[in-house]
Amino acid sequence: MKKPVFTGACVAIATPFAPDGSVDFDALGRLIEFQISNGTDAITICGTTGEKSTLADGEHKECIEYCVKKVAGRVPVIAGTGGNDTRYSLSLCRHAESVGADALLCVTPYYNKASQAGLVRHFEYLADNVSIPIILYNVPSRTGMTIAPDTYARLAKHPNINGTKEASGDFSLVAKIRAMCGDELNIWSGNDDQVVPMMSLGAKGVISVLSNVVPGVVAKMARAALDGDFKTASEIQIEYLRLANDLFLEVNPIPVKTALGMMGLCSPDLRLPLCEMGEANAEKLARTLEHYHLINR
């Protein structure tokens, strides 16, 4: 049995930008403290929500190092270090390990993709060359490919591959992973609207966008499910479904960055090719935030 990197709620934290376009580390520090003070169980830095794809190499590394130092061991820090170039991904993995990250989040290669055999070789190569645990990230909607059950079964045998963030939305796949891998591969939901059903199939929690704006809610939902109180967990899931859905009115992280800006937690600024929300969607999101008493207008 592999001990999970974390159980409960992990935020896929946004990366705030200053007016000049640089990373706003003061605001990032405030977001980190907001998460920890509201019960978040772990923090993923430089994931999709953190706009990893438009961070320069130095910025990416600096964000990981800053997060590790700011968190100071209070919760696990998971560094997004995946990519479609195995050698470059390994360089990010090694840097994250060297500055004290607790685990790595490695997405399936995108654009160039890979065969299932190539996926095995890619992930095993990374796992062979670092000492901290790796969490796979399966998100076919962004990468155009998925990790097959047989591939999961093979990767689960590697002692350094701890689990997977499953964002395929495919409950049959999750059930097959559980059946084929058992306790040798931990699973976390990658979709905020599917946390409770995923946890009913054995997932250990969620790596969450929603946690950026309501960290305490997501933590409470995940803990209830971990305790076997699926009635309470389901009630929370349903109560906050509107907010979870509206954070995907446009491609992530456009809505959550917009929400954080409306809440006064950081600038809503994004980096191109991402841009501000359309006016109608922004108004709909604002009404939803008002509904949950997150903003007053």
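Before reading on, note that the structure itself is shown above.
Cut-offs and rules
- Residues numbered from 1 in each chain as written.
- Predicted model: local features only at pLDDT ≥ 70, side-chain atom pairs only at ≥ 80, totals over all residues.
- Heavy atoms only, no water.
- Helix = DSSP H or I, 4+ residues; strand = E, 2+ residues; numbered from the N terminus.
- Rg over C-alpha atoms; globule rule 2.2 N^0.38 Å.
- Contact = heavy atoms within 4.5 Å.
- Areas by Shrake-Rupley, 256 points an atom, 1.4 Å probe, with all protein chains shown as cover.
- Lys, Arg positive; Asp, Glu negative; His and termini not counted.
- Charge placed at Lys NZ, Arg CZ, Asp CG, Glu CD.
- Core = buried A, V, L, I, M, F, W, Y, C linked by side-chain atoms within 4.5 Å.
- Buried < 20%, exposed > 50% of the residue type's maximum accessible area, 1.4 Å probe, protein only.
- 1 Å grid on protein atoms, 1.4 Å probe; cavity = no way out; pocket = protein on both sides within 12 Å on 5 of 7 lines; lining within 4 Å.
- Points joined across faces, edges and corners; volume = space filled by probe spheres on them.
- Nonpolar A, V, L, I, M, F, W, Y, C, P; charged D, E, K, R; others polar.
- Phe/Tyr/Trp six-rings, centres within 6.5 Å; stacked < 30°, edge-to-face > 60°.

A. Representation of the overall build of the protein in the model. Scanning the protein from N- to C-terminus turns up 13 helices and 8 strands. Computed over its C-alpha atoms, the radius of gyration of the protein comes to 18 Å, within 12% of the 19 Å expected for a compact globule of 297 residues. With the C-alpha coordinates of the protein rotated into their principal frame, the extents come out at 55 × 45 × 35 Å. Taking contacts inside the protein between residues at least 6 apart in sequence as the whole, the part at least 24 apart equals 72%. When the accessible surface of the protein is split by element, carbon and sulfur atoms take 51% of a total near 12,200 Å². Both charge centroids of the protein, one from 28 positive and one from 33 negative side chains, sit 4 Å from each other.

B. Main features of the nonpolar core. Counting residues in each nonpolar core, the largest one holds 90 residues, and the members touching the most others are I43, I45, L104, V213 and L243. Among the elements that line this core, the one with the most residues is helix α9 (residues 215-226), at 7 residues. Non-local contacts of I43, meaning those with residues more than four positions away in its chain, are made with C10, V11, I13, I32, Q35, I36, C67, V71, V75, P76, V77 and I78. Counting residues in hydrophobic clusters, the runner-up holds 15 residues, among them A42, V139, A167 and I207.

C. Fine view of empty space enclosed by the protein. In the structure shown here, the tally under the stated rule is 1 cavity of 30 Å³ or more. Taken as a whole, the largest cavity encloses approximately 30 Å³ of empty space. Each residue belonging to the lining of the largest cavity can be placed in one class, and the counts come to 3 nonpolar, 4 polar and 1 charged.

D. Spatial organisation of the packing of aromatic side chains. The tally for this structure, following the rule as stated, stands at 3 aromatic pairs. Each ring, one from F6 and one from W188, has its centre 5.1 Å from the other, and the planes form 15 degrees; the classification is stacked. Highlighted residues: F6 in the segment before β1 (8-12) and W188 in strand β7 (residues 186-189), separated in sequence by 182 residues. Classification of W188 as buried rests on a relative accessible area of 0%. Judged by centre distance (5.2 Å) and plane angle (50 degrees), the ring pair of F25 and Y66 falls under tilted.

Note that every value here comes from positions in space, so none of it alone points to a role or purpose.
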